[in-house]
Amino acid sequence: MSSWLDYTINGLIVGNVYALVAVGLALIFGVSRLINFAQGSIYLVGAYIGWVAVVQLHTPLPLTIIVVAVAAAIVGLIIERFGLRPLQNSVRIAPLLATIGISFVLDQLVMLTFSPNPRALPSQLPDVRFQVGGGTIGPLDLLIAGVGLTSALLLFVFLRYSKLGWAVRAASQDRDAAMQMGVDVNRVNQAVFGIAAALGGVSGMLVGMYYNQIDTAMSLQATLKGVVAEVVGGAGNVPGAVIGSLLLGLVESYGVAVFGTSYRNLFAFLLLVVVLVLRPNGLFASARQAPPEPLTGTFIAPSRPVRIPRWALAVASAGFAVLPLFPVSFYVLQTLINAWLLGMLALSLTLVAGTIGQVSLGHAALLAIGAYTSALLSLALNVPVGLAVIGGGLMSAALGTLLISPSFRLRGHYVSIATLAIGEIVSLVILNWESVTRGPIGISGIPPLSLFGYDLISPTSIYWFSFAVMVVLALLQGRLLDSHLGRSFRAIRDDDVAARAYGLSLNRYKSLAFIFGGFAAGISGGIAAHLYSYINHETFNTQQSILALTVVILGGLGNVVGAMLGAVALVGLPEVFRIAAEYRILIYGIVLLLLVRFRPQGLLGTM
Amino acid sequence: MTTSASEPLLALSDVNTFYGQAQVHFDLSITVARGHIVCLLGGNASGKSTTMKIILGLVKPRSGEVTFDGASLIGLTTPQIVRRGIASVPEARRLFADMSVRENILMGAFVRNDREAIAQDLDRMLTLFPKLGQRLSQRAGSLSGGEQQMVAMARALMSRPRMIVMDEPTMGLSPLYVDRVLELIRTINQEGVSVFMVEQNASLALEIAHEAYVLQTGRIVLSGPARALKDDPRIRDAYLGGSEAA
Ligand SMILES: Nc1ncnc2c1ncn2[C@@H]1O[C@H](COP(=O)(O)OP(=O)(O)OP(=O)(O)O)[C@@H](O)[C@H]1O
Ligand SMILES: [Mg+2]
């Protein structure tokens, strides 16, 4: 059994690893006010380059570190130059979305190149441990500490004594003023992306060595942990990021010591939400510091939506409604059922992200709440499935809104981080609350859909049912958008300061949007649970949240018809072109990138 | 290249600027003669700061021309424009709050590489702004407004500019500091630096300016030698009109 000292050492070592990721995030946020969601992917790339170097090229350790740092830096430079620089004059959300797209692409490329199976990454260091006090410490611990301290020192010298370092600091405090001193912000961006990527890549390699295992799931976890540490330390604050990382490492390590391993991440995200709510500028920011976010709209691309005549919508709906009467294959119906379920989720997200401007990255949590509620109601309490699904919608509306409400006071990118964290928390609570959710085993034997006592088992009936539900939700949402309430939503999105000045209560309207959106997403999750008959804490994951976001952007943020069209396109087109499953996420990532770059208003325009 | 003394140092001609749909400048034309102090007056939201941003390349005009020393600035990036010899004292000073006063002043010399001359210029700033001597290692954000204004001016001078553009340099300062700032602007100008300044306080600005322009919701409504404008009743009218529109 490990001692407390061991947990402390472990916490500090892990914290050191987080720091390497978080410092990069802080540098980038400082200069560009951007949360780089691709940071974890660079960490992943670093780990695999390390694997290639160690296992295939047999490089000695110091050379491995250099190879990883340089290669990762090059990836960072490419991301900056081709992924982000073209978006400089784009809407504020564009770079954030681009980094999400880039992370999908990088992760998938790694997965396709190296297969998703975990690999061992030997550390090349002797496996001995020294006694220190009541604990032990090994050469790898010392290496990680050494790399952490050396990087911190190098970074300090760079920022304090080099001209480019001054430019980085100046640009992160006041970008326009720095430009007026002659600072070329592109070079500064290049520098911070290169440095952030080098540090992130080395961090990924060290973690791989620490656990002697690397796999593609590392990426998202690293991004999340880095973001937590960075925000805890104060977004954009480099020393704060280091302290935030060490704090996070310790909190996790002690949390694991007391409650067990499956709680590790829960502590991380709870820490994040608590900090975001109580001190959104981080633990070390001075109180007067203005939050580094835009005060007003311009968060989504303004555009004139494509007006689709009512008759065309009616014809299209009728067409989809009668489709099962024709001899279409089971496979086509199955695909479209998935599209309708995703369409419901997209309706929910397009309202929340598009109409009221709260770009949620944790929307799958609403599916999970709806699915678990409906499954448990029908299984444990024998509630008829039709009612159970509605119960799932209501629970998702209520609980989802309650869970999200701490983030109502946040803006812009912070909303995205908070919703991402809340989404993770929901999935971790499901994992750990075994008495109700059956924990990691999941829930099986969920009864099939039924309506007024008739089981809906044939694909045709399921198709009609889910299509009808989606259309009803869409009509309701259309009504909502045309109402006074809809106008208030958009006013809040476009200028929350002005909206508040007009006397609109932001919390109330945000709650209403999430209640409506939560209901639609919960219904989708509920139906899905009864279709799948088995769900667990990973059925509804971040990948789905991002997929939904891609759908919504594809259709046009806030656009109801666009949400449904986007769902059909994104689910349907890969089937039409018979794209193999392992390439799909890659395609989604590329679609997101292309959209952000060339058509941020989506197919049908934002509303 | 022949630069005749009569050719203006800076010229904006027929500039039209938009933020999205909203037009901020309507055929704006302004010239700054070599060695002169030119003042742009106007009420709130009349487009003064935007004029500065046009000169510095922070905002691009939809049409019109901006030339400095005979060469067009259109299409150049802000750092490129700064390297041509235009320094700035932005609205609300915009110091690098978490950097020291020394670092802030030295940031002004970012476009230069002559280390020794930079060190000399730093000393010169301390004679020009003696109060800053004791504050060099202090966080710039912790200074008083007046002191920050001194730092911003020193920072601008450090690039050895040919022209300084200043956005409301006296805003929020105590009367004592206002006089001091105006005095310094005059000193800077006498050392050969042309000055283009934006002001709301007409009577103060006209004290030191050679020429002045009055901007009202994006249009120049009045211009001429400062001495003539000082007694012009229309200055008052333009003013009232400008602030009512805001
Ligand atoms: N970035 C921007 N986006 C959209 N509109 C802007 C932006 N900056 C300024 N404006 C608008 O342009 C107009 C002119 O602004 P500007 O800052 O140039 O005025 P000003 O004369 O400097 O005002 P003040 O005396 O308040 O400093 C204002 O109506 C302002 O709201
Ligand atoms: Mg102004």
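Along each chain, residue indices are assigned from 1 in the same order as the chain's sequence is written. Each chain is given a letter, starting from A, and each ligand a number, starting from 1, according to the order in which they appear as written. Only residues with pLDDT of at least 70 are given local features in this predicted model, and only at 80 or more are side-chain atom pairs given and counted; all residues enter the totals for whole chains, interfaces and linings. Note that the side-chain values use all heavy atoms of the structure and ignore hydrogens as well as water.

- Looking at an unreviewed UniProt entry, chain B carries the name ABC transporter ATP-binding protein, with the source organism given as Bradyrhizobium nitroreducens.
- UniProt positions are given in the numbering used here, feature names are shortened, and annotations may be inferred rather than shown by experiment. We quote the UniProt Function (unreviewed entry) comment for chain B here in full: "Involved in beta-(1-->2)glucan export. Transmembrane domains (TMD) form a pore in the inner membrane and the ATP-binding domain (NBD) is responsible for energy generation."

- By the naming in an unreviewed UniProt entry, chain A is ABC transporter permease, taken from Bradyrhizobium nitroreducens.
- The Subcellular location (unreviewed entry) field of the UniProt record for chain A holds the comment "Cell membrane".

## Side note on the packing of aromatic side chains
Residues and elements named next belong to chain A.
- Aromatic contacts are taken between Phe, Tyr and Trp rings whose centres are within 6.5 Å, Trp giving its six-membered ring; a plane angle under 30 degrees counts as stacked, one over 60 as edge-to-face, and the others as tilted. Evaluated as defined, the whole model comprises 15 aromatic pairs over all chains.
- Ring centres of Tyr48 and Phe114 lie 4.8 Å apart, and the angle between their planes is 40 degrees; on these two criteria the pair is classed as tilted. With a gap of 66 residues between them, Tyr48 in helix α2 (residues 39-56) and Phe114 in helix α4 (residues 93-114) connect regions that are remote in the sequence.
- A relative accessible area of 16% means that Phe114 is categorised as buried.
- Between the aromatic rings of Phe408 and Phe514, the centroid separation amounts to 5.7 Å while the plane-to-plane angle is 35 degrees, which identifies the pairing as tilted. Residue Phe408 is found in the loop between α15 (385-404) and α16 (412-432), and its partner Phe514 is found in helix α21 (residues 506-532); the two are separated by 106 residues along the sequence. Numbering of helices and strands runs from the N terminus, with a helix taken as a DSSP run of H or I at least four residues long and a strand as a DSSP run of E at least two residues long. Under the scheme applied here, a residue whose accessible area is under 20% of the maximum for its type counts as buried, over 50% as exposed, and between as partly exposed, the area being computed with a 1.4 Å probe on protein chains only.

## Observations regarding the nonpolar core
- As used here, the term nonpolar core means buried Ala, Val, Leu, Ile, Met, Phe, Trp, Tyr and Cys residues forming a set that is joined through side-chain atoms within 4.5 Å. Ranked by internal contacts, the top residues of the largest apolar core, which has 202 residues, are Ile79, Ile527 and Ile535 of chain A together with Met107 of chain B.
- A domain assignment, automatic or from a database, supplies the domain bounds used here. Residue assignment places this core across two domains, with domain 1 (4-287) and domain 2 (335-545) of chain A each supplying three or more.
- Ile118, Val195, Met197 and Ala226 of chain B belong to the second-largest nonpolar core, a separate cluster that totals 50 residues.

## Focus: unusual backbone geometry
- The phi dihedral of Ala45 of chain B falls on the positive side, at around 60 degrees, and the residue is not glycine.
- Tracing the chain through its elements places Ala45 of chain B in the loop between β3 (37-42) and α1 (48-56).

## A word on the sheet that holds strand β10 (residues 219-225) of chain B
All names here are of chain B.
- Here, a strand pair is defined by DSSP locating no fewer than two bridges between the strands. In space, the six strands of this open sheet follow the order β6-β7-β8-β3-β9-β10, with mixed pairing throughout. What marks the edges here is a single partner per strand, and that holds for β6 (86-89) and β10. Strand-to-strand twist across the sheet, computed as the mean angle between neighbouring axes with direction ignored, equals 15 degrees.
- With four bridges connecting them, β6 and strand β7 (residues 163-167) associate as parallel partners. Across the sheet, Ala87 pairs through a bridge with Ile164, a residue of β7.
- On top of the sheet, α1 reaches β3, β6, β7, β8 (194-199) and β9 (211-216); it is set at about 150 degrees to β7, its chief contact.
- Every residue pair with non-hydrogen atoms within 4.5 Å of one another is taken to be in contact. To get an axis, fit a line to the C-alpha atoms, keeping to the stretch in contact for a helix; angles then go from 0 to 180 degrees between the N-to-C directions. Each of β3, β7 and β8 is contacted by helix α6 (residues 175-190), which is oriented at about 155 degrees to β8, the strand it contacts most.

## So, the environment of Leu143 of chain B
Residues and elements named next belong to chain B.
- Mapping Leu143 onto the fold places it in the loop between α4 (115-128) and α5 (145-157).
- Residue class for Leu143 comes out buried when judged on its relative accessible area of 7%.
- Distance in space between the C-alpha atoms of Leu143 and Pro225 is 36 Å, their sequence separation being 82 residues.
- Discounting chain neighbours no more than four positions away, the residues touching Leu143 are Val101, Arg135, Gln138, Gln148 and Val151.

## Structural notes on the sheet that holds strand β2 (residues 22-32) of chain B
Residues and elements named next belong to chain B.
- Overall, antiparallel pairing links the four strands, which are arranged β2-β1-β4-β5 in an open sheet. Strands at the two margins of the open sheet, each flanked by one partner only, are β2 and β5 (71-72).
- The pairing of strand β4 (residues 63-68) with β5 spans two bridges and is antiparallel. The residue of β5 that forms the bridge with Phe68 is Ala71.
- Against the sheet, α1 contacts β1 (10-19), β2 and β4, and its axis sits at roughly 115 degrees relative to β1.

## Description of the confidence of the model for chain A
- Residue-level confidence of the predictor is summarised by pLDDT, bounded by 0 at the bottom and 100 at the top. For chain A, mean pLDDT is 89; residues scoring 70 or higher make up 97% of the total.
- The low-confidence segment residues 287-298 of chain A (pLDDT under 50) makes 25 contacts with residues lying over four places distant or belonging to another chain.

## Observations concerning the site of ligand 1
Residues and elements named next belong to chain B.
- Around ligand 1 there are 13 residues in total, and Ala45, Lys48, Ser49, Thr50 and Glu91 lie nearest to it.
- Polar contact criterion, stated in full: a pair of N or O atoms within 3.5 Å, where within protein one must be able to donate a hydrogen and the other to accept it, and residues adjacent in sequence count only if both atoms are side-chain atoms. Between ligand 1 and the protein, one listed contact pairs a nitrogen atom with a side-chain N or O atom of Tyr19 at 3.4 Å.
- A distance of 2.7 Å separates an oxygen atom of ligand 1 from a polar side-chain atom of Lys48.
- Where accessible areas are quoted, they stem from the Shrake-Rupley method and a 1.4 Å probe; at the residue level, only the protein chains shown are allowed to cover. Compared with its free state, where it exposes 630 Å², ligand 1 has 59% of that area covered by protein. In these notes, residues near a molecule or strand are those with any non-hydrogen atom within 4 Å of it.

## A short note on the domain arrangement of chain A
Residue and element names in this part refer to chain A.
- Along its sequence, chain A is carved into domain 1 (4-287) and domain 2 (335-545).
- Centre-to-centre separation of domain 1 and domain 2, based on C-alpha positions: 32 Å.
- Summed over both partners, buried area is the accessible surface (1.4 Å probe) that two parts give up on being assembled. Summed over both partners, the interface of domain 1 with domain 2 comes to about 2100 Å²; 77% of that surface belongs to carbon and sulfur atoms.
- When residues of domain 1 are sorted by the area they lose upon contact with domain 2, Leu266, Leu276 and Val277 head the list and together hold 22% of the total.
- We count a salt bridge whenever a side-chain nitrogen from Lys or Arg sits within 4 Å of a carboxyl oxygen from Asp or Glu. Between domain 1 and domain 2 we count zero salt bridges in total.
- Linking domain 1 with domain 2 are two residue pairs in polar contact (both at pLDDT 80 or more).
- Put simply, the parts of the chain that give the side of domain 1 that touches domain 2 at least two residues each are α4, α9 (218-233) and α11 (264-278).

## Quick notes on the coordination of the magnesium ion (ligand 2)
- At 1.9 to 2.6 Å from the magnesium ion (ligand 2) lie its protein donor atoms, namely Ser49 of chain B (OG) and Glu91 of chain B (OE). With Ser49 of chain B in helix α1 and Glu91 of chain B in the loop between β6 and α3 (101-107), the pair connects residues that are 42 residues apart, well separated along the chain. Distances decide who is a donor: an N, O or S atom must be within 2.8 Å of the metal, or within 3.2 Å for Na, K and Ca. Water is not included, so sites may look incomplete.

## Points about the side chain of Lys225 of chain A
Residues and elements named next belong to chain A.
- In this structure, Lys225 sits in helix α9.
- Under the relative-accessibility criterion, Lys225 is labelled buried at 5%.
- Separated by 3.3 Å, the side chains of Lys225 and Tyr18 make a polar contact.
- Among the polar contacts listed, one links the side chain of Lys225 to the side chain of Glu252, at a separation of 3.2 Å.

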